[in-house]
Amino acid sequence: MAKKTSKKPTRKSSTKRKKNTQPSVLKRVFRGMFKWGCLFALFASVPFSIWVWWLNGQVVSRFEGQKWQVPSEVYSAPIILKSGAPWKKADLENLLEETGYRFGRNSQKVGWAARSRTKVSAHLRSYVDHQGFHDSQRRIFSFERGELQINALNGDAIDEARIEPQRIGFLYGGNTESRQILTYDQIPQTLLDILVAVEDQDFYQHWGISLTGIARALVVNLTHGSRRQGGSTLTQQLVKNMYLSSERTYTRKLTEVIMSLLLEFHYSKQDIITAYMNEVYLAQIGNRALHGFAAASQHFFGRPLNELNIDEFALLVGMVKGPSLYNPQRSPERAKTRRNVVLSVLNRQGRLSQADYQSLIKQPIRLADKKRERSVYGDYLDLVAMQLSRDFDENTLATENLKIYTGVDIRAQRAASQAMQRQVANLERGDRQLLGLQGAMVVTDRVSGQVRAIVGSSDQYYTGFNRALGAVRPIGSLVKPPLYLSALATGRYTWWTKIKDERLRFKVGGDIWAPENYDRRVHGEVHLYEAMAKSYNLATISLANQIGFDRVGDTLRQLGVKRPFTMHPAMALGALELSPFEVSRLYQPIASRGKSSELGVVLAVMDQNNRLIKRFNRQTDVPFTDAILAVTLDGMTKTPEIGTARAAKAALPNLTFAAKTGTTNQQKDSWYIGITGDYSTTVWLGDDENVPLSITGSSGAQKVWIDFTRHVNSTSLPNDLPSGAGRFQVLNDSFEKAADRCDNKVSLAFVLGTEPKKSSSCFWPF
């Protein structure tokens with residue numbers, strides 16, 4: 001009994017111990033898991049915190065100052081419309097359309113124009129350039145007797161009106177992005193409303209992410225086994241565009257969410273929506289990515305963003321979903337369908353009435369004319385980049401959004417490009433041996449020397465080889481006016497002075513050089529003005545021999561030839577090799593009658609806040625008197641009257657202009673200089689392989705100049721002469737002033753003191 005009694009409690013206690021063991025093990029397991037879980041969370045939070053801290057730094061450093069790489073913008077000169085200038089109504093209408101003005105029933109709104117049968121009215125835009133702020137103006141234009149008349153709304157006569165400078169291109173350097181930066185105040189409210197309504201209705205309420213949007217996207221993605229939806233807010237879209245790559249992974253999505261929360265924590269909704277407006281990707285143009293609504297407005301519609309209509313805003317907002325898919329240039333019908341979807345969203349939300357909605361969805365998509373956007377300014381931009389390279393490094397020009405104001409005249413540039421293409425095509429059709437003919441053209445302001453247009457090729461598009469700068473060729477008879485200036489400057493010669501047109505022989509090294517006239521004839525004793533106008537080689541070389549070849553060389557250098565050369569007799573007949581740009585600079589002192597010598601390209605550079613960084617001033621000193629230069633220019637007016645430019649005079653009978661043709665040996669180069677009241681123009685035609693051609697300066701380059709001049713409504717050279725010069729009628733046979741009744745006379749300009757002292761009444765007593 002004692003044995004049994006002793007065993008029972010032992011069994012019971014043993015059983016009790018087994019029952020109590022299981023709970024204690026579970027507790028230890030749970031305690032261990034909790035402890036290690038806490039330790040793991042603690043250790044995991046350290047790198048996570050570091051990662052979030054690093055992301056925070058990335059968000060702030062990139063967003064502060066909005067430091068995008070924005071290329072410098074290059075602008076034309078303002079278009080100055082002057083009362084009394086020759087204008088056609090159709091030409092002004094085309095110009096307004098080309099510069100982004102819309103024609104409607106009236107011109108009350110800025111950027112709009114209206115027309116009647118005889119008049120045009122326009123509300124010209126305000127603008128800021130290196131000369132200050134220019135307010136918007138409403139002006140009425142009429143065209144009495146082919147001359148422009150400008151009036152204010154109250155009828156007051158106005159001397160001039162200005163169309164704002166046009167952006168002609170960018171200086172990219174290595175940058176391949178195109179954008180224009182807007183401030184919040186510059187964003188049209190209508191565009192803001194449409195964007196938020198379509199892309200993120202809760203933008204002003206959420207903290208950067210939409211939980212419902214993320215959940216919906218997660219369900220769709222898990223259902224399909226891949227990422228198909230993003231559930232992104234505008235803030236997330238901005239983060240994706242500004243900070244992240246385009247990969248579609250959950251890690252990148254988590255990064256996007258955290259950065260969006262950080263962005264909303266640091267910055268206001270205005271800051272974020274402004275950055276979005278400037279950053280959003282909207283198109284690919286060649287090798288350039290188009291970012292921001294402002295740049296897209298200019299590219300697709302050719303107008304500032306604040307001048308677009310609701311349907312145009314809707315088109316741009318619709319492109320956000322798929323810039324390539326809904327590009328209106330490539331897929332106009334698809335883009336229109338997407339635009340109408342955006343309009344229907346506005347209609348459903350009560351932001352657009354049913355009547356307006358029905359009207360807008362019927363509107364066609366009206367895009368800017370892309371033919372007008374082709375690179376007619378490529379050669380001019382070469383010149384801009386070349387000048388600025390002395391003062392700015394390439395990276396600054398490509399990334400700092402500088403505003404570069406130039407002197408390019410958009411009318412002159414387009415007219416020059418089109419004249420070159422038309423006339424070269426005509427010449428090639430007339431002679432198949434001219435296929436491949438190339439050309440270059442430089443147009444400067446006659447007085448200021450500002451380069452108004454430059455053409456580096458006869459091709460339709462910019463080729464990359466700018467012959468206006470890079471084609472260095474013999475200039476032929478274009479050397480003659482500077483040579484005659486050299487003679488006039490001695491005081492021993494006048495345009496009336498006679499010189500022998502006879503054969504001469506020169507020993508050059510071990511060879512004998514015997515020049516000839518183009519017609520292989522000699523013309524005896526001729527006046528200087530005849531020799532120059534008719535481009536007589538023998539008379540010219542005789543004159544150079546008399547005054548000294550070294551003097552001629554000095555004159556060329558004084559007029560602006562900076563390329564090294566050695567003077568010898570053949571140089572006096574055009575063996576000197578220059579580019580068209582250098583020829584234009586050589587003639588500028590003569591064309592301006594001493595007002596300018598160097599050619600100007602860039603006027604000023606401003607930063608993105610319209611603060612002036614640099615103004616470019618040019619040297620205008622010329623080592624010849626205004627009188628000498630004016631007399632030389634006046635003598636050049638004889639070339640279209642009696643010389644090798646008579647075809648130009650026949651084509652433009654009411655225009656007074658100076659000219660000189662040039663043809664080199666074997667007719668390898670065709671040159672022409674034409675100087676009107678507005679422009680000094682140099683034209684060159686030739687073959688890149690330097691082969692003989694079937695054209696001369698008269699039958700080739702002159703035709704390009706005539707075409708150009710017809711399309712820019714040039715004015716005549718001024719009739720007055722500066723102090724120290726005078727114009728007199730002189731007898732051809734004797735050095736005497738001629739009375740009006742005299743027949744055999746010519747009107748010539750003289751430096752005062754060198755004119756005839758005697759007078760003839762041409763009266764014969766009986």
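Conventions we followed
- Residues numbered from 1 in each chain as written.
- Predicted model: local features only at pLDDT ≥ 70, side-chain atom pairs only at ≥ 80, totals over all residues.
- Heavy atoms only, no water.
- Pairing = 2+ DSSP bridges.
- Helix = DSSP H or I, 4+ residues; strand = E, 2+ residues; numbered from the N terminus.
- Axes fitted to C-alpha atoms, helices over the stretch in contact; angles between N-to-C directions.
- Buried < 20%, exposed > 50% of the residue type's maximum accessible area, 1.4 Å probe, protein only.
- Contact = heavy atoms within 4.5 Å.
- Core = buried A, V, L, I, M, F, W, Y, C linked by side-chain atoms within 4.5 Å.

(A) Representation of the sheet that holds strand β12 (residues 167-171). Pairing within the open sheet is mixed, and its five strands lie in the order β12-β1-β16-β25-β26. Of all the strands in the sheet, the pair left with one neighbour each is β12 and β26 (612-615). This sheet shows a mean twist of 20 degrees between the axes of neighbouring strands, independent of strand direction. Relative to β12, strand β1 (residues 72-75) runs antiparallel, the two being bridged by four bridges. Within β12, the position partnered with E73 by the bridge is F170.

(B) Representation of the environment of L308 within the structure. Inspection of the secondary structure assignment puts L308 in the loop between α8 (293-301) and α9 (310-319). Given a relative accessible area of 7%, L308 falls into the buried group. The spacing of L308 and T190 is 118 residues in sequence and 9.9 Å in space, taken between C-alpha atoms. Dropping the residues within four chain positions of it, L308 is found in contact with S297, F301, R303, F313 and L316.

(C) Layout of the nonpolar core. One finds L81, L92, F141 and L388 to be the most contacted residues of the largest nonpolar core, which totals 111 residues. Looking at which element gives the most residues to this core, the answer is helix α22 (residues 626-636), with seven residues. Setting aside anything within four residues of it in sequence, one finds L81 in contact with W87, L92, L95, F141, L148, I150, D159, E160, A161 and I163. By size, the runner-up hydrophobic cluster in this structure holds 50 residues, among which are I194, V239, L316 and V342.

(D) Local environment of the pairing of strand β27 (residues 658-663). Judged by how many residues are buried, β27 sits mostly within the fold: five of six residues are covered. Bridge analysis of β27 against strand β28 (residues 669-675) gives six bridges, and the strand direction is antiparallel. In the strand pairing of β28, A658 is matched with I675. In this structure, the hairpin formed by β27 and β28 is closed by a connection of five residues, where Q666 is found at a positive phi of approximately 60 degrees.

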